[in-house]
Amino acid sequence: EVQLVESGGGLVQPGGSLRLSCAASGFTFSSYAMSWVRQAPGKGLEWVSAINSGGGSTSYADSVKGRFTISRDNAKNTLYLQMNSLKPEDTAVYYCAKCDGLCDYVIPKGSWGQGTQVTVSS
């Protein structure tokens with residue numbers, strides 16, 4: 001059974017940083033591209049970032065480019081999202097997703113975690 005468990009969310013002031021983690025199990029993590037998707041209050045899903053299976057290729061939404069960094073540790077079966085210079089508009093529930101198919105610039109098909117809340121507020 002595929003399991004994705006996000007952690008690391010919380011309340012942070014504007015300009016602050018957070019690092020999200022996603023612990024994966026139940027599949028061969030190193031064989032799949034992975035993605036982060038978010039949903040702000042009252043809004044639809046927004047694709048945030050993706051990384052290929054080996055970690056050598058990454059992509060970002062324009063809204064987070066230059067502030068967020070996606071990475072993975074295949075030895076630890078863990079996906080990360082380092083978020084710097086956070087803005088109130090980054091407030092959302094963040095989900096990690098296993099990409100069964102396309103992963104870049106689209107809401108991925110595949111298994112998702114339960115999400116972790118990120119709130120950026122003073």
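Reading guide: rules and limits
- Residues numbered from 1 in each chain as written.
- Predicted model: local features only at pLDDT ≥ 70, side-chain atom pairs only at ≥ 80, totals over all residues.
- Heavy atoms only, no water.
- Pairing = 2+ DSSP bridges.
- Helix = DSSP H or I, 4+ residues; strand = E, 2+ residues; numbered from the N terminus.
- Axes fitted to C-alpha atoms, helices over the stretch in contact; angles between N-to-C directions.
- Core = buried A, V, L, I, M, F, W, Y, C linked by side-chain atoms within 4.5 Å.
- Buried < 20%, exposed > 50% of the residue type's maximum accessible area, 1.4 Å probe, protein only.
- Contact = heavy atoms within 4.5 Å.
- Phe/Tyr/Trp six-rings, centres within 6.5 Å; stacked < 30°, edge-to-face > 60°.
- Lys NZ or Arg CZ within 6 Å of the ring centre and 35° of its normal.

Judged by pairing direction, the sheet is antiparallel, and its 4 strands sit side by side in the order E1-E3-E8-E7 without closing on themselves. Each of the sheet's edge strands pairs with one partner strand only, and the pair in question is strand E1 (3–7) and strand E7 (68–73). Each strand of the sheet is rotated relative to its neighbour by a mean of 15 degrees, with strand direction disregarded. Inspection of the sheet shows strand E3 (residues 18–25) paired to strand E8 (residues 78–83) by 6 bridges, in the antiparallel sense. Residue Arg19 lies in a different strand from E8, and its bridge partner there is Gln82.

This part takes up the nonpolar core. If you look at the biggest cluster of nonpolar residues, it comprises 32 residues, and the most contacted ones within it are Trp36, Phe68, Leu79, Leu81, Met83 and Tyr94. For this core, the secondary structure elements donating two or more residues are E3, strand E4 (34–39), strand E5 (45–51), E7, E8, strand E9 (92–98) and strand E10 (116–120). In this structure Leu81 touches Leu18, Arg19, Leu20, Trp36, Val48, Ser49, Phe68, Thr69, Ile70 and Tyr94, once residues within four positions along its chain are discounted.

Throughout the structure, instances matching the rule amount to 4 aromatic pairs. Each member of the aromatic cluster is reached from another via a ring pair, and the members are Phe27, Phe29 and Tyr32. Here the guanidinium or amino end of Arg72 rests over the ring plane of Phe29, the centre of that ring lying 4.3 Å away. Here the guanidinium or amino end of Lys98 rests over the ring plane of Tyr32, the centre of that ring lying 4.0 Å away.

Here we take up the pairing of E3. With 5 bridges connecting them, E1 and E3 associate as antiparallel partners. Residue pairing in the sheet places Val5 in a bridge with Ala23 of E3.

Take the sheet that holds strand E6 (residues 58–60) next. Pairing within the open sheet is mixed, and its 6 strands lie in the order E2-E10-E9-E4-E5-E6. The open sheet terminates on both sides in strands that have one partner only, identified here as strand E2 (10–12) and E6. The sheet shows a mean angle of 25 degrees between the axes of neighbouring strands, direction not considered. Here E5 runs beside E6; their pairing, made up of 3 bridges, is antiparallel.

The values are spatial; any link to function lies outside them.
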